[in-house]
Amino acid sequence: MTHSRKRIEIVVEAVRAEQVTDLLDACGASGWTILPVVSGRGRTGMRRGGDLAGVFDNVLVLCIASEAVAAKVLEAREELLGARPAIVSVSDCAVLRAEHFR
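The structure presented is a predicted model; accordingly, all values stated were derived computationally and were not measured.

**Student:** Sorry, what's going on with helix α1 (residues 17-26) here?
**Tutor:** Each α-helix winds once per 3.6 residues, and so residues spaced three or four apart point in a common direction. Regarding α1, the residues found buried are A17, V20, T21, L23 and L24. Looking straight down α1, one finds that the buried residues subtend no more than 155° of arc, so they occupy a single side. Facing away from the buried surface of α1 by more than 90 degrees, the exposed residues are E18 and A26.

**Student:** Would you take a moment to explain the layout of surface pockets for this structure?
**Tutor:** Remark: the empty space left among the atoms is shown by a probe the size of a water molecule rolled over them. In this structure, the largest pocket occupies an estimated 490 Å³ of space. As for the largest pocket, its lining consists of 19 residues, and the residues nearest its centre are V11, T44, R47, N58 and I87. Of all elements in the fold, only β1 (3-13), β3 (39-42) and β4 (45-48) reach the threshold of two or more residues within the lining of the largest pocket. Partitioned by chemical class, the residues of the lining of the largest pocket number seven nonpolar, seven polar and five charged.

Rules and cut-offs
Residues numbered from 1 in each chain as written. Predicted model: local features only at pLDDT ≥ 70, side-chain atom pairs only at ≥ 80, totals over all residues. Heavy atoms only, no water. Buried < 20%, exposed > 50% of the residue type's maximum accessible area, 1.4 Å probe, protein only. Helix = DSSP H or I, 4+ residues; strand = E, 2+ residues; numbered from the N terminus. Arc of directions from axis to C-beta. 1 Å grid on protein atoms, 1.4 Å probe; cavity = no way out; pocket = protein on both sides within 12 Å on 5 of 7 lines; lining within 4 Å. Points joined across faces, edges and corners; volume = space filled by probe spheres on them. Nonpolar A, V, L, I, M, F, W, Y, C, P; charged D, E, K, R; others polar.

Everything listed here is a matter of geometry and, on its own, says nothing about what the molecule does.
Structure representation (structure tokens):
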């Protein structure tokens, strides 16, 4: 049996990852994962990470949470986005262990 949850994906500059995870924590998320973004292409063209300083690196912050937590994250859109670059998506997903994702 599976349980419905929301999958929150946020792509931001690596230097902003802690700000995003702090926001997720404040919204009540029970956990999150940060993955490096090797490269990508969007409205501003190609972007590749991996420079020695890591200044241009992006990360993907992945969080699976309840609908209530996802709603809080979306309500904090100004704090999350502001004038800074970010990609935020929320989609439906199913999990096996509901107690792990509040």
